[in-house]
Amino acid sequence: MQDICIESPLAGELIELSQVKDAGFSNGAMGRGAAVKPIDGKVYAPFDGVVEVLFPTMHAIGLKSMTGIDILIHIGFDTVKLAGQYFTAHVKQGDKISKGQMLVEFDLAAIENAGYDTTTAIVVTNSSEYAMITLLLGDTIIKSIGGETNVKDSIPDNMAKEEYVAAEILKYIGGKSNIRSVEHCATRLRLILKDKSQINEKSIENIDGVKGQFFAAAQFQIILGTGFVDKVYAVIVRDSESLAGSSNNETAYQEMTMLQKISRTLGDVFVPIIPVLVATGIFMGLRGMAQSLGIQFSENFLRMSQILTDTAFAFLPALVTWSTMKKFGGTPVIGIVLGLMLVAPQLPNAYAVASGDAQVISMSIFGLTVPVVGYQGSVLPALVLGILAAKLQKWFKSFVPDVLDLIITPFMTLFISMLIGILVVGPIMHSVESNIFSAVKAFLDLPFGLGGLVVGGLHQVIVVTGVHHVFNALEIELLATTGQDAFNAIITGAIVAQGGAALAVALKTKNPKKRSLYISSVIPAFLGITEPAIFGINLRFVKPFIYALIGGAAAGMAASLMHLAGTGMGITVIPGTLLYMNHLLEYLFVNAIGFGVAFTLTFMLFKQSE
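Calculation criteria
Residues numbered from 1 in each chain as written. Predicted model: local features only at pLDDT ≥ 70, side-chain atom pairs only at ≥ 80, totals over all residues. Heavy atoms only, no water. Helix = DSSP H or I, 4+ residues; strand = E, 2+ residues; numbered from the N terminus. Buried < 20%, exposed > 50% of the residue type's maximum accessible area, 1.4 Å probe, protein only. Contact = heavy atoms within 4.5 Å. Areas by Shrake-Rupley, 256 points an atom, 1.4 Å probe, with all protein chains shown as cover. Pairing = 2+ DSSP bridges. Axes fitted to C-alpha atoms, helices over the stretch in contact; angles between N-to-C directions. Salt bridge = Lys/Arg side-chain N within 4 Å of Asp/Glu carboxyl O. Patch = residues over 30% accessible without salt bridge, like charges linked within 9 Å, V, L, I, M, F, W, Y side chains within 5 Å. Polar contact = N/O pair within 3.5 Å; in protein donor to acceptor, adjacent residues only side chain to side chain. Expected span 1.5 Å × (residues − 1). Bend = angle between axes of the 7 residues up to and from the residue. Phe/Tyr/Trp six-rings, centres within 6.5 Å; stacked < 30°, edge-to-face > 60°. Lys NZ or Arg CZ within 6 Å of the ring centre and 35° of its normal.

Visitor: Before we go on, may I ask you to explain the overall build of the chain in this structure?
Guide: A count of helical and extended segments in the chain gives 23 helices and 19 strands. Viewed in the frame of its principal axes, the chain has a C-alpha envelope of about 95 × 65 × 55 Å. Here the chain holds 610 residues, and 50% of them are scored as buried. Pairs at least 24 residues apart make up 71% of the contacts formed inside the chain by residues separated by at least 6 positions. As displayed, the chain offers around 27700 Å² of accessible surface, 62% of which is attributable to carbon and sulfur atoms.

Written out as structure tokens, the structure reads:
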């Protein structure tokens, strides 16, 4: 890499960039360079070139030299709030400039009297392309050596990657003593810290191995990727029993909005069930593919395959009440029994009632006629009953003597919950569930694929807000009621679109180290995990995220128009092909639309300088 030398565009005192008060410049995030404490309000062109950017407020101007040097001249700090007052521009964006030409004038005294610091930063924004950068002002010389400041450091050869990343994270969050609790999910380290002001977000992003960071659901979340996050977590909690046994749930829950609380609760209830439904969906997909190829199965083989595919949905309430009781502090086995009561063989089977092969039982309670039926495939009755049973069990435990607790508490919990569940909660919540489901299904079936367009276009926005777990119940209900998940078919295009936009950014990135980092964030998107691509690339540049939303909307519309639906839930993009074995070409077409639209728009319209 070559060395470059630039003369200061302002007169005054040349100082180190690290001395300025704005962290975005002082820590080198914007690039390497220097700053000037001006003695007059005149900015001159330091070389021959072009005005690439002139902000409407005229407080900052970006220049490109004839040899390719990009610099940003930022006059003062927070001066954008002046909205152009006290600034006069003598050039406009796109103008060619000559060295020594007047670019901008500003009223130095007026700006300082208004309470603003007029120290002006001069940074080379493409500093990664140069070795030594020298700025001159009179007899003062300031040099900076090395690559781009905000390129991630390399990992020492004698240190395991997880050891290095864990040590760097701890260094930039204020150490272990600043951690209140720590957990991790499939891709992210989730921290709740005592003092958030100790976080150095830019330095954390610059750690080799970190794909991005953000705050969500009251937690500081660091994206590390599948598998690697487990190793980093293990290093952080090592030799610390309090951290190893810590939980973010209570602290984070207190700081959430109501919608986030609902989403988090639904996620905690339904996420443990999803692996079973994924497996069931794969079985259904493989059987459907085989049948579409004309393969004939014996009666016994079909019976065995139906056991694999139908059991989870036939006893779905038992899974829901088990998980709900566990979430709300009740005894899980009581939840299982309650769920089985909702589908007891003494009750009319819900599927048989729907097909007309069985009749609803009418019971008279205090003069009211209550329809009683089994709740095979229902979600809301089991969810609400599980919550009530957990609360009821805790209430009994609060006053039943320990010596009688083993007998009285489970008996009374089961007895009262069974009556409430079958006679009150079941009929009411089943009616609510049916109405909600009918409304959602009608929306997804809107003509011209409009429902798919809206869902596909907005799904990843909802993922960013952290409330996307509310859709788990919807997908389970779709599968239980129709045997297919049209929602999965719509969102898979939205997910692959984020990967397509991020890949376009990676391919347009000239810096090889950044390109490698970006590509590592893209790969999980093709496996159905978009957080690294969203928070590491697309949202950072904004426009790629928008282009990905457009791609997701187009793919969602196509999925709706073709009435595409998966045989299961929980997996998308490449793994999701297992749910569409009997409609594989349509599924690949939907994914191709999402990827192609997002990639093309980003590659053609996005400029890295943005």
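Visitor: Would you mind going over the sheet that holds strand S13 (residues 140-145) with me for this structure?
Guide: Adjacent strands of a sheet pair through backbone hydrogen bonds, lying either parallel or antiparallel. Taking strand neighbours across the sheet as the criterion, the three strands line up as S1-S12-S13 in an open arrangement whose pairing is mixed. Sheet topology places strand S1 (2-7) and S13 at the edges, where each strand pairs with a single neighbour. With strand direction ignored, the average angle separating the axes of adjacent strands in the sheet is 15°. In the sheet, S1 pairs with strand S12 (residues 130-137) via five bridges, with the strands oriented parallel. Each bridged residue has a counterpart across the sheet, and for Ile4 the counterpart in S12 is Ile133.

Visitor: Help me understand the pattern of salt bridges, please; the structure alone is not making it clear to me.
Guide: Side-chain pairing between opposite charges can occur once the charged atoms of the two side chains come close. Per the counting criterion, the structure on display carries nine salt bridges. Where Glu299 meets Arg303, a salt bridge forms, and the shortest distance between an N and an O atom there is 3.0 Å. Note that Glu299 and Arg303 are positioned in helix H10 (residues 299-314) at a spacing of four residues, about one turn of the helix.

Visitor: Would you take a moment to explain a nonpolar patch on the surface for this structure?
Guide: Taken together, the side chains of Phe443, Leu446, Phe448, Leu450, Leu453, Val454, Leu458 and Val461 make up a nonpolar region of the molecular surface, amounting to roughly 660 Å² of accessible area. Relative to the assigned elements, Phe443 resides in helix H15 (residues 402-444). Residue class for Phe443 comes out partly exposed when judged on its relative accessible area of 34%.

Visitor: Could you clarify how one ought to interpret the side chain of Thr57 in this entry?
Guide: Along the chain, the position of Thr57 falls in the loop between strand S5 (49-54) and strand S6 (60-65). According to the relative accessible area criterion, Thr57 is buried, its value standing at 15%. Side-chain polar atoms of Thr57 contact the side chain of His59, separated by 2.5 Å.

Visitor: Please explain the pairing of strand S15 (residues 188-193) as it appears in this structure.
Guide: On a regular strand, one side chain projects to one face of the sheet and the next to the other, so that they alternate. Burial of S15 is extensive: six of the six residues sit out of reach of the surface. Burial of S15 is two-sided: the residues Arg188, Arg190 and Ile192 facing one way and the residues Leu189, Leu191 and Leu193 facing the other way are all buried. Where strand S14 (residues 179-184) lies against S15, five bridges are found, and the strand directions are antiparallel. The partner of Ser181 across the bridge, within S15, is Ile192. Both S15 and strand S17 (residues 219-223) contribute to a ladder of four bridges, which runs antiparallel. Directly across from Arg190, in S17, lies its bridge partner Gln221.

Visitor: How should I be thinking about the sheet that holds S6 in this particular structure?
Guide: One open sheet accounts for seven strands, arranged S2-S3-S11-S7-S6-S5-S9; its pairing is antiparallel. The open sheet terminates on both sides in strands that have one partner only, identified here as strand S2 (12-16) and strand S9 (96-97). Note that S6 and strand S7 (residues 70-77) share five bridges and pair antiparallel. The partner of Lys64 across the bridge, within S7, is Asp70.

Visitor: Would you mind going over helix H16 (residues 450-465) with me for this structure?
Guide: With 16 residues, H16 should reach 22 Å at 1.5 Å per residue; the first-to-last C-alpha distance of 23 Å fits that figure. Most pronounced at His459, the bend in H16 amounts to some 35°. When we look at burial in H16, the residues that qualify are Gly451, Gly452, Val455, Gly456, Gly457, His459, Gln460 and Val463. Where H16 is buried, its residues contact H15, helix H17 (470-482), helix H18 (486-508), helix H20 (531-541) and helix H21 (543-561).

Visitor: Could you clarify how one ought to interpret unusual backbone geometry in this entry?
Guide: Among all residues save glycine, negative phi is the norm, and among peptide bonds the norm is trans. With phi around 65°, Phe448 is a residue other than glycine that occupies positive phi space. A positive phi angle, close to 70°, is found at Val542, a residue other than glycine. Here Val542 lies in the loop between H20 and H21.

Visitor: I tried to follow the packing of aromatic side chains on my own but got confused; where do I start?
Guide: How two aromatic rings sit relative to each other is set out by the distance from centre to centre and by the angle between their planes. This structure, assessed with the given rule, holds 13 aromatic pairs. For the pair Tyr580 and Tyr587, a centre-to-centre distance of 4.2 Å together with 15° between the ring planes defines the contact as stacked. Summarising the burial analysis for this pair, Tyr580 and Tyr587 share the class buried. Linked through ring pairs, Phe526, Phe595, Phe599 and Phe603 together constitute an aromatic cluster. Geometry around Phe228 places Lys161 over its ring, the cationic atom sitting 5.2 Å from the centre. One residue, Lys508, lies across the ring of Phe603, its end atom 5.8 Å from the ring centre.

Visitor: How do you make sense of the environment of Ile550 when you look at a structure like this?
Guide: The residue Ile550 is located in helix H21 in this model. Between the alpha carbons of Ile550 and Leu601 there is a distance of 9.0 Å; along the sequence they are 51 residues apart. Not counting residues within four places of it along the chain, the set of residues in contact with Ile550 comprises Val597 and Leu601.

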